[in-house]
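# Examination of the molecular architecture
Here is what each chain is made of, one letter per residue.
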Amino acid sequence: MSYVLTTCGFCSCGCAMYVQQENGKVTGLFPSENHPVSNGRLCIKGWNATPAILGADRLRKPLVRRGEHLEATSWDDAINYAASALKKIIFESGPKSIGIIGSAKTTNEECYSLVKFARSVIGTPNIDGACRFYDASLIPALLETTGTPGSQVELSAIPKAGSILIVGSNVMEQLAHVGSRIEDAADNGCKVVAIDPRETRLAPHTSLWLHPKPGSDLAWIRAFLKIIIAERLYTKNAPEMPGFEELRASLEGIEISQLKYSCWLEPAEVHKAVELIASNPPTIVMFGLGALQQPHSTEIVKGLANIAILLGGSVMTLRGQNNAQGACDVGLTNDLLPGYLKLADPVARKVWELVWNCQLPAEPGMTAVEMLKACESGTLKALLIFGENVALSAPNTQATLSALDKVGFLAVSDLYLTETAKIADVVFPACSFLEKDGTFTNIERRLQRVRKVLEPIGESKSDLEIIAMLGAAFGAKMSADPEKVMTEISSSAPIYKGQSFRQLDEEWGQPWVPVGSEAKLAPIEAVTKDSEGEYPFYLIASRINFHQQTGTMTAKSSVLAREYPETFAEMNEADAERLGIRPGSSIRIISETNSLTRVLSVSESVPKGCVHVPHFFGGNSPNALASYETDPVSGVPIYKAYAVKIEAVR
Ligand code: SF4
């Protein structure tokens, strides 16, 4: 029997857990008592990690498409098949006709190697991460404001906060260790102000809950900023900060009295919220996907960062996937190099051209959403997807499935035969976080070790090995040793300077130190988008306690899956009555793009004019209703606050 300390691979809290194994099987799992995040506790997903990732239907051999069917084959055959297809496409259409999408669930070393493979081996600029579907808007926004593209404080700061402003996050269910610390903070007298159209399990711990109209965040954020500046509630040195005058000027003309119509918020409530956070320092401003997947989400994050800066507080980003922070840190985005160096910066390009021995373009490649559109139009001839069930996580499911079906060559690496893998030409069986070494970076920017507990299931391999094999097929030498890859990252990416497996093995792991992070206030201009006429309801999509992302892993756990065996949607009782629909009957939720059917429940936690649709296991995702419309700056799709209509299914 042995115990291996590793990091949970589900959410971005990054709990440390001991996994007990005997004769190659997991026989137990325990939280670390002293780890700064887990602190002796795991959430329900962590406790059920083993059945979720070691399901009986894990892929055990590579698969290659022969006609209509995917057939098991050898690794040599699968790699040669993929390499030949890619070389032919490069010869006929050039490397830019290939797109690559990576995952924020894989290790830092795997994300980095995928970037290196795309940019230096294939020679395509079209490399992006699945963060584009979730939370990538925080990167440009925070680089421009706080200067730190991530949280500014550790979880240990939460219970000491004087006030917390939390926007758009079902934190108690999705990030349990943030939720428990907010609970501690509230017990210590912290004033918690939540702003979310739908009330969640956080409500008992809040001093004030504002229910704005979905999609109106930018309007109330501008009002908050206006009040803070007009009433001089800001920290003493705020007027000397760069950008203060520009911010003040951008807020001119705001009528606080109009908030009732533009945001469904009473001006007195808004004043009270501002007063609570301004008069109770230190303030932490937290935001989750509810804010990050709205129209103009980059502006929203800039506005929230401005609130934190003006009050002398800090930002905490409530990201979804376990390695969302690390994937972006190591350059898994279309427009940045590892360490958030800009592709447009010739000095930064030179650094990485020397490390990777290649020429880098100054222009960004396609975002993940643009790649899907380019698969549909034929501009992209091949798409490689590592560790992401794009068929469910991308918006507009029908169009996405059509795009994936249309692209000339599709290769997928994953644990299971997901909806995306089913339509691939080659499927690489990847191993889980229990079967490999590496690092994840959590919500605090804390770099932590992932340690191999078990031998890979069947013939599965880590993505690092798969990328190295693909590289070798192109004559490139890419390391499959995660320790060496981390050394390469830390020697050239300033934010990871000094990080090594040896150091991480001695400590719990330290948050990386921001480089050149002077705060700057950004002007926030008004933009509006209204739901009117034919589509009178706003859709609120959310995730539940037992479910992680597209459910590729959590759906495999019978314990997690049985908690919500049936999909449902929730409406306010008054709306249901007005529409003449009884609870328990089926409704069709229709957007401009698509429709889905759910059983109706009524709940007073859902405001009038809204329908709440949780994500569920195995498809039927509210993402299907979203279009390919994105935030114009970050390219993040608009999954929240889009307009729908409701019909009874007769
Ligand atoms: S899912 Fe998140 S909170 Fe739950 S055990 Fe894993 S890291 Fe911890």
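The notes below deal with the structure included here. Bear in mind that the values here come from a model prediction, so they are computed numbers and not experimental data.

### Re the overall build of the protein chain
Counting secondary structure elements, the protein chain contains 23 helices and 25 strands. Its C-alpha atoms give the protein chain a radius of gyration of 24 Å, within 12% of the compact-globule value 26 Å for 650 residues. Along the first, second and third principal axes, the C-alpha set of the protein chain runs to 65 × 60 × 55 Å. When each of the 650 residues of the protein chain is scored for burial, the buried share is 62%. Residue pairs at least 24 apart in sequence account for 73% of intrachain contacts in the protein chain once pairs closer than 6 positions are excluded. Here the protein chain displays about 23,300 Å² of accessible surface, and carbon together with sulfur accounts for 49% of that area.

### Re the side chain of His612
Structurally, the position occupied by His612 is in strand β24 (residues 610–614). A polar contact of 3.5 Å, which involves the side chain of His612, links it to the side chain of Arg198. Side chain to side chain, His612 and Glu570 meet in a polar contact 2.8 Å long. Residues contacting His612, with those up to four places away along its chain left out, are Arg198, Ile540, Ser542, Ala569, Glu570 and Val606.

### A look at the pairing of strand β18 (residues 438–441)
Because side chains alternate across β18, one face comprises the buried residues Gly438 and Phe440, and the other comprises Thr439 and Thr441, equally buried. In terms of strand pairing, β18 meets strand β19 (residues 447–450) through four bridges, oriented antiparallel. Bridging from a neighbouring strand, Gly438 pairs with Val450 of β19. Following β18, the chain reverses through five residues before pairing antiparallel with β19; Arg445 in that reversal takes a positive phi of roughly 75°.

### Looking at the sheet that holds strand β2 (residues 16–22)
The strand order β1-β2-β3 describes an open sheet built from three strands, whose pairing is antiparallel. Two strands bound the open sheet, and with one partner strand each, they are β1 (2–7) and β3 (25–31). Neighbour-to-neighbour, the strand axes of this sheet turn through a mean angle of 30°, independent of strand direction. The pairing of β2 with β3 spans six bridges and is classified as antiparallel. Bridging from a neighbouring strand, Val19 pairs with Leu29 of β3.

### So, a nonpolar patch on the surface
Together, Met1, Tyr3, Tyr18, Phe30 and Trp508 make up a nonpolar patch on the protein surface, roughly 520 Å² of accessible area in all. Within the secondary structure, Tyr3 is located in strand β1. A relative accessible area of 47% means that Tyr3 is categorised as partly exposed.

### Considering the environment of Phe10
Counting through the fold element by element, Phe10 comes out in the loop between β1 and β2. With relative accessibility at 3%, the residue Phe10 sits in the buried group.

### Description of the site of the ligand
In the vicinity of the ligand, the contacting residues are Cys8, Phe10, Cys11, Gly14, Cys15, Leu42, Cys43, Gly46 and His177. Across the shell around the ligand, the residue classes tally to six nonpolar, three polar and no charged.

### Focus: the state of the cysteines
Inspection of the entire model under this criterion finds zero disulfides. No disulfide involves Cys358; its sulfur sits 18 Å from that of Cys111, the nearest cysteine.

### What about the sheet that holds strand β6 (residues 98–102)?
Strand order in the open sheet formed by seven strands is β5-β4-β17-β16-β15-β6-β7, and the pairing between neighbours is mixed. Across the chains shown, the open sheet's two edge strands, defined by having one partner strand only, are β5 (69–72) and β7 (127–129). Neighbouring strand axes in the sheet, compared pairwise and without regard to direction, differ in orientation by 20° on average. Relative to β7, β6 runs parallel, the two sharing three bridges. When the bridges of β7 are listed, Ile100 appears paired with Ile127.

### Let's talk about the pairing of strand β22 (residues 586–590)
Relative to strand β23 (residues 595–602), β22 runs antiparallel, the two being bridged by five bridges. Bridge assignment links Ile590 to a residue of β23, and that residue is Ser595. The turn linking β22 back onto β23 is made up of four residues. Summarising the sheet, β22 and strand β25 (residues 642–648) pair through four bridges and their orientation is antiparallel. Within β25, the position partnered with Ile589 by the bridge is Ile646.

### Considerations on the packing of aromatic side chains
A full pass over the atoms with the stated rule returns 13 aromatic pairs. Ring geometry for Trp264 against Tyr538: centres 6.1 Å apart, planes inclined by 70°, an arrangement best described as edge-to-face. With Trp264 in the loop between α10 (259–262) and α11 (267–278) and Tyr538 in strand β20 (residues 537–542), this pair connects stretches of sequence that are 274 residues apart. In this structure Trp264 comes out as partly exposed when scored by relative accessible area, which is 34%. Between the aromatic rings of Tyr340 and Trp512, the centroid separation amounts to 6.3 Å while the plane-to-plane angle is 40°, which identifies the pairing as tilted. Within this pair, whereas Tyr340 is found in the loop between β13 (336–337) and β14 (341–342), its partner Trp512 is found in the loop between α21 (501–506) and β20, the two being separated by 172 residues in sequence.

### Looking at the packing of helix α16 (residues 368–377) against helix α18 (residues 397–406)
α18 packs onto α16 with a crossing angle of 60° between their chain directions and a minimal axis gap of 8 Å. Considered as vectors, α16 and α18 are oriented oblique to each other. Classified by chirality, the crossing of α18 by α16 is left-handed. Listed contacts from α18 to Leu372, Cys375 and Glu376 of α16 are Ala399, Thr400, Ser402, Ala403, Leu404 and Lys406. Its residues placed into classes, the contact of α16 with α18 shows five nonpolar, two polar and two charged.

### Here we look at the nonpolar core
If you look at soluble globular proteins, the nonpolar side chains tend to sit buried side by side. Phe287, Leu304, Ile307, Leu383 and Ile589 are the most contacted members of the largest nonpolar core, which has 160 residues in total. Top contributing element to this core by residue count: helix α8 (residues 217–230), with nine residues. Counting 45 residues, the second largest nonpolar core, distinct from the first, contains Ile158, Leu175, Leu434 and Leu454.

### Focus: the side chain of Ser113
Within the element layout of this structure, Ser113 appears in helix α4 (residues 108–122). Once residues within four sequence positions are removed from consideration, Ser113 is found in contact with Leu464, Ile467, Met478, Ser479 and Val485.

### Here we look at α11
Look at α11: 16 Å from first C-alpha to last across 12 residues, which is about the 16 Å you get at 1.5 Å a residue. Taken together, the buried positions of α11 are occupied by Val270, Ala273, Val274, Leu276 and Ile277. Angular distribution of buried residues about the axis of α11 spans 160°; they occupy a single face of the element. Exposed and oriented more than 90 degrees from the buried face of α11 are Ala268 and Glu275.

### Examining the pattern of salt bridges
For the structure on display, the rule yields 25 salt bridges. Here Glu266 makes a salt bridge to Lys260, at a shortest N to O gap of 3.7 Å. A relative accessible area of 37% means that Glu266 is categorised as partly exposed. What makes Lys260 partly exposed here is its relative accessible area of 40%. Residues joined by salt bridges that share partners form a network here, namely Asp437, Arg449, Arg451 and Asp505.

Scoring rules and cut-offs
- Residues numbered from 1 in each chain as written.
- Predicted model: local features only at pLDDT ≥ 70, side-chain atom pairs only at ≥ 80, totals over all residues.
- Heavy atoms only, no water.
- Helix = DSSP H or I, 4+ residues; strand = E, 2+ residues; numbered from the N terminus.
- Rg over C-alpha atoms; globule rule 2.2 N^0.38 Å.
- Buried < 20%, exposed > 50% of the residue type's maximum accessible area, 1.4 Å probe, protein only.
- Contact = heavy atoms within 4.5 Å.
- Areas by Shrake-Rupley, 256 points an atom, 1.4 Å probe, with all protein chains shown as cover.
- Polar contact = N/O pair within 3.5 Å; in protein donor to acceptor, adjacent residues only side chain to side chain.
- Pairing = 2+ DSSP bridges.
- Axes fitted to C-alpha atoms, helices over the stretch in contact; angles between N-to-C directions.
- Patch = residues over 30% accessible without salt bridge, like charges linked within 9 Å, V, L, I, M, F, W, Y side chains within 5 Å.
- Salt bridge = Lys/Arg side-chain N within 4 Å of Asp/Glu carboxyl O.
- Near = heavy atom within 4 Å.
- Nonpolar A, V, L, I, M, F, W, Y, C, P; charged D, E, K, R; others polar.
- Disulfide = S-S within 2.5 Å.
- Phe/Tyr/Trp six-rings, centres within 6.5 Å; stacked < 30°, edge-to-face > 60°.
- Parallel < 35°, antiparallel > 145°, perpendicular 65-115°, else oblique.
- Left-handed = near helix turned anticlockwise from the far one by under 90°.
- Core = buried A, V, L, I, M, F, W, Y, C linked by side-chain atoms within 4.5 Å.
- Expected span 1.5 Å × (residues − 1).
- Arc of directions from axis to C-beta.

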